[in-house]
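Understanding the architecture of this molecule
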Amino acid sequence: MIDARASKIEDPVAKLRFLKNTEKRVGQVETVLGRPQYWWLRNKKFWLALGCLLMIPTLSLFRSSAPPIPVSEMAMSLSAGRGVKPFREGPLEKVWLIDSKNGVETWSSGLHIETRFSTTNRPREYYAWNRNQPTSSLVQLADKQAAGIVFHTTESTLEELEEQKMRRLKLLGESLLQYVSKEKAYHYVIDRFGRVFRIVKETDAANHAGKSTWADDKWAYIGLNDSFLAVSFETQTRPGDEAPIISQAQIDSGKTLTRMLRSRYNIPAANCVTHAQVSINPSNFQIGYHTDWAGNFPFEAMGLPDNYSQPLASLNLFGFNYDGTFFAATGARMWKGVVSSEDLLREQARESSISVAQLRTQLRNHYRRLSALLPENNKAGGGNPNSNSSKAQEVNP
């Protein structure tokens, strides 16, 4: 009966929502009557395959054919402050530097940071849109303090983590660190042994996020090279819900490093996200241009909530879209954020008495206007935020 009802739902997101709600209800019944023999309700690979099958044939439902229309203040105000559910978190642990000598920093939390590959880049300078003032423009934030953390994978060559392969492991790690230091690619790299290396100074921008966007309960950030810190793990991307290639030492160090950075810069947990969640392609308004940590980042092990459930600012604030390739690369955990973003879009469209396609067009026009004000995108120069600056590089993925 569930399959029959699902087959009558044309909208793929609505169908996915129905199936997930059905799974939840069945789970509640199991606690009383015992588990039925519907193994597929809890099989992650099944849900991944189902999501791809549901999304690919009906992608046209999400593509806007409406002509460009002016940005509506009503539509902008509907998106203001919505979709961000603040996490209940206690006060951050105070962390401070104990000692720095022989190229190693020691912190009060037990964190050790090696600095021999440390380099500088252009000073941090970033702009954001106050989503609580929908008709406002970009604002240059005066304190230039990091607003969040983006987690990456290095996508470098890996070797089995075995003692007899130590020489090869060290060689690969050293080559990687030399490369990312030259490219000014991240602020930190955590190698296979869990050692933490500072690459770009925290006060400077790093070339890590490329075209990207994220939002918290007040600010929407466009281009996260300057606004967010980059922490990259020496590993490779694996699709969907496959377990990542990451050592326990890397997890332990990642958790300690995240605690230190959040303490120093008062970074909210909701702004600790993965590259796949923030990466976009403005040329075709698709999300997930880069897909590292698309569905299997160990948020909980890092002492963070599961941020895959957070709405994606690219979808519900700026009208971006997604395709079957994106769903094939992500895991079921990230679908929750997509579904919640779609819910917000539909609610906004309904309250504005316009179609979702028209709303997407409005939001895209808004993104274009804000993006054009960024220094690297503004060719005219002259005055903030319209002065020229070098365009940031992107590091694959």
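**A short note on the sheet that holds strand S4 (residues 127-130)**
- Strand order across the open sheet formed by four strands is S5-S4-S10-S9, with antiparallel pairing between neighbours. In this open sheet, the two strands that pair with only one neighbour each are strand S5 (138-140) and strand S9 (213-215). Between one strand axis and the next, the sheet turns by 30 degrees as a mean value, whatever way the strands run.
- Two strands pair when backbone bridges link them, and S4 and S5 are joined in this way by three bridges, in the antiparallel orientation. Following the sheet pairing, tyrosine 127 is matched in S5 by glutamine 140.
- Together, S4, S5 and strand S10 (219-222) form the strand contacts of helix H12 (residues 356-372), whose direction differs from that of S10 by roughly 70 degrees.

**Section: the side chain of threonine 213**
- Along the polypeptide, threonine 213 turns up in strand S9.
- Here threonine 213 falls in the buried class, since its relative accessible area comes to 0%.
- Here tyrosine 221 takes part through its backbone oxygen, which lies 2.8 Å from a polar atom of the side chain of threonine 213.
- With near-sequence residues (within four places) excluded, threonine 213 lies in contact with Tyr221, Ile222, Leu224, Gln277, Val278, Ile280, Ala313, Ser314 and Phe318.

**Regarding the packing of helix H11 (residues 332-352) against H12**
- Two elements in contact, H11 and H12, have axes separated by 9 Å at closest approach and are oriented at 100 degrees. One way to sum up the angle between H11 and H12 is to call them roughly perpendicular. On the side of H11, the interface is formed by Glu342, Leu345, Arg346, Gln348 and Ala349, while H12 contributes Val356, Leu359, Arg360 and Leu363.
- By residue class, the composition of the contact of H11 with H12 is five nonpolar, one polar and three charged.

**Some thoughts on unusual backbone geometry**
- A positive phi angle is found at lysine 184, which is not glycine, with a value near 55 degrees.
- The residue lysine 184 is located in the loop between helix H5 (166-183) and strand S7 (188-190) in this model.
- With a phi angle near 55 degrees, tryptophan 293 is a residue other than glycine that sits in the positive phi range.
- Topologically, tryptophan 293 is positioned in the loop between strand S14 (286-287) and helix H9 (313-316).

Rules used throughout
- Residues numbered from 1 in each chain as written.
- Predicted model: local features only at pLDDT ≥ 70, side-chain atom pairs only at ≥ 80, totals over all residues.
- Heavy atoms only, no water.
- Pairing = 2+ DSSP bridges.
- Helix = DSSP H or I, 4+ residues; strand = E, 2+ residues; numbered from the N terminus.
- Axes fitted to C-alpha atoms, helices over the stretch in contact; angles between N-to-C directions.
- Contact = heavy atoms within 4.5 Å.
- Buried < 20%, exposed > 50% of the residue type's maximum accessible area, 1.4 Å probe, protein only.
- Polar contact = N/O pair within 3.5 Å; in protein donor to acceptor, adjacent residues only side chain to side chain.
- Parallel < 35°, antiparallel > 145°, perpendicular 65-115°, else oblique.
- Nonpolar A, V, L, I, M, F, W, Y, C, P; charged D, E, K, R; others polar.

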